[in-house]
Amino acid sequence: QVQLVESGGGLVQAGGSLRLSCAASGSIFSINAMGWYRQAPGKQRELVASITSGGSTNYTDSVKGRFTISRDNTKNAVWLQMNSLKPEDTAVYYCNAVRVRTFASGVALRTGDYWGQGTQVTVSS
């Protein structure tokens, strides 16, 4: 079983910055990708950023140019640097780790999916 622990959330003014951290422990063998999701009250959980073990990154359009995800494969940790924060970024942020098998057809199958407890990010206007 994989355990994920997040930290770094808090209250900031619009335009400010926060850095979220996530540390993984347990059965972390062959974790293919890690990422950050967020969920605001009454809203659906959305993927914010992800990074593969090879370093490939993806971001949702609303955070491109403002957020940066990074990963240390040796230490099994992932970070999310958030700059130029907006009130719309207010949400609970969750760390995620997955094990994925990709077939020749391009279809991917998740064989493991793990979540942290979440950390609150609040941006005031």
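Residues numbered from 1 in each chain as written. Predicted model: local features only at pLDDT ≥ 70, side-chain atom pairs only at ≥ 80, totals over all residues. Heavy atoms only, no water.

Engineer: What is the right way to read the sheet that holds strand 7 (residues 67–72) from this model?
Structural biologist: Strand pairing in a sheet relies on backbone hydrogen bonds, with the paired strands running either antiparallel or parallel. Pairing within the open sheet is antiparallel, and its 4 strands lie in the order 1-3-8-7. Edge strands, defined here as strands with exactly one partner in the open sheet, are strand 1 (2–7) and strand 7. This sheet shows a mean twist of 15° between the axes of neighbouring strands, independent of strand direction. (Pairing = 2+ DSSP bridges. Helix = DSSP H or I, 4+ residues; strand = E, 2+ residues; numbered from the N terminus. Axes fitted to C-alpha atoms, helices over the stretch in contact; angles between N-to-C directions.)

Engineer: Sorry if this is basic, but what is going on with the state of the cysteines here?
Structural biologist: What makes a disulfide is a covalent bond joining the sulfur atoms belonging to two cysteines. As enumerated under the stated definition, the model contains 1 disulfide in all. Cysteine 22 shares a disulfide with cysteine 95; S-S distance 2.1 Å. Taking the torsion about the S-S bond as the criterion, the cysteine 22 to cysteine 95 disulfide, at about -85°, is left-handed. One end of the pair, cysteine 22, is in strand 3 (residues 18–26); the other, cysteine 95, is in strand 9 (residues 91–102), with 73 residues separating them in the sequence. On the basis of relative accessible area, cysteine 22 is assigned to the buried category, the value being 3%. (Disulfide = S-S within 2.5 Å. Buried < 20%, exposed > 50% of the residue type's maximum accessible area, 1.4 Å probe, protein only.)

Engineer: Can you help me understand the pattern of salt bridges in this one?
Structural biologist: Side chains that differ in sign of charge can pair as their charged atoms come close. Overall, the coordinates contain 5 salt bridges when judged by the stated rule. Between lysine 64 and aspartate 61 there is a salt bridge whose closest N-O contact spans 3.1 Å. Between aspartate 113 and arginine 110 there is a salt bridge, with the nearest N and O atoms lying 2.9 Å from each other. Salt bridges sharing common partners tie together Arg38, Glu46, Arg66 and Asp89. (Salt bridge = Lys/Arg side-chain N within 4 Å of Asp/Glu carboxyl O.)

As far as function goes, none of this settles anything; it's purely spatial.
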